[in-house]
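Examination of the molecular architecture
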Amino acid sequence: VGAEPPPAAPRPTAPPPAAPPPAAPSPPASSKDADRLLAELRRLVLSARVPPSTWATTMEGYKSALASWAPAQRDEKRRDYLQQLIALYRRPGMQQSAAERQSLAKLRAIFLSMETKAGLSVEQRSKILESTCATYDGGRYSVEDRDYYKRQAAISLIRRYAADPEGALR
């Protein structure tokens, strides 16, 4: 008497599912960390009390430093370098106030409509503002930075001439 053969395996009715395509390799954690730090640095620089061209200058220095580091040290040095720059731009007084983030048009409107200490007319204030802003239109200031410097000048004029500078800049 012999043993019965094992039952036959059922025939598959559908082909087995295809294997999913291989996922693209994710960047190493250090690269993700550096990207996050770089994004934070960009946010801080663009809202800091520095002209817009500072971002380009900062990036030139960063790329130059990055190229000078040995590959084995690059990730650690990049992270340290970015953390130092972030700490610099987070220092008290480095970030613009709400008044400093206002447009030049808004600051102009404030300057022309505010109550002044000396009772200057709107025409006098307009001439003061226009001549002050005109000093930034020369070749000494980059086109990219002119609006920044004009806004800073307008804020300075408001603080100088307003009867209530803090109230005017709210």
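Throughout this description, residue numbers start from 1 for each chain and increase along the sequence as written. Totals for whole chains, interfaces and linings use every residue, but because this is a predicted model, local features are given only for residues with pLDDT of at least 70 and side-chain atom pairs only at 80 or more, for both listing and counting. Water and hydrogen atoms were dropped before computing side-chain values, which therefore reflect all heavy atoms in the structure.

Describing the overall build of the protein chain
Tallying secondary structure elements over the protein chain gives 7 helices and 0 strands in all. What counts as a helix is a DSSP run of H or I of at least four residues, what counts as a strand is a run of E of at least two, and both are numbered from the N terminus. Order of helices (α) and strands (β) in the protein chain, N terminus to C terminus: α-α-α-α-α-α-α. Only protein chains enter the calculation, and the probe is 1.4 Å; a residue is then buried if its accessible area is under 20% of its type maximum, exposed if over 50%, and partly exposed in between. Residues classed as buried in the protein chain amount to 35% of the 170 residues present. Considering only intrachain contacts with a sequence separation of at least 6, the fraction spanning at least 24 residues in the protein chain is 63%. Here the open area of atoms and residues is found with the Shrake-Rupley method and a 1.4 Å probe, where only the protein chains shown may cover a residue. Of the roughly 11400 Å² that the protein chain leaves accessible, carbon and sulfur atoms contribute 56%. In this analysis, two residues are considered to be in contact whenever any of their non-hydrogen atoms come within 4.5 Å of each other.

Structural notes on the pattern of salt bridges
Working definition: two side chains of opposite charge can pair if their charged atoms are close together. One side-chain nitrogen of Lys or Arg within 4 Å of one carboxyl oxygen of Asp or Glu is enough to make a salt bridge. Considering all chains together, one arrives at 9 salt bridges under this definition. Put simply, Asp-33 and Arg-36 hold a salt bridge, and the shortest N to O gap is 2.6 Å. Taken together, the residues span about one helical turn, with Asp-33 and Arg-36 both in helix 1 (residues 29-46) at a distance of 3 residues. For Glu-123, the salt bridge is made with Lys-127, and the minimal N-O distance between the two is 3.6 Å. Taken together, the residues Glu-123 and Lys-127, both in helix 5 (residues 122-134) and 4 residues apart, mark about one turn of the helix. When sorted by exposure, Glu-123 lands in the same class as Lys-127, which is exposed.

Notes on helix 2 (residues 53-68)
Taking 1.5 Å per residue as the helical rise, helix 2 with its 16 residues ought to reach 22 Å, and the 23 Å between its terminal C-alpha atoms agrees with that figure. Listing the buried residues of helix 2 in full gives Ser-53, Thr-54, Trp-55, Thr-58, Met-59, Tyr-62, Ala-65 and Leu-66. To estimate how far a helix should reach, multiply one less than its number of residues by 1.5 Å.

A look at the side chain of Ser-47
Locating Ser-47 in the fold gives a position in the loop between helix 1 and helix 2. Overall, the relative accessible area of 18% leaves Ser-47 in the buried class. N or O atoms within 3.5 Å of each other form a polar contact, as long as, within protein, one can give a hydrogen and the other can take it, and as long as residues adjacent in sequence are counted only when both atoms are side-chain atoms. Among the polar contacts made by the side chain of Ser-47, one reaches the side chain of Gln-95 at a distance of 2.4 Å. If we skip the residues at most four places from it in the chain, Ser-47 touches Gln-95 and Gln-96.

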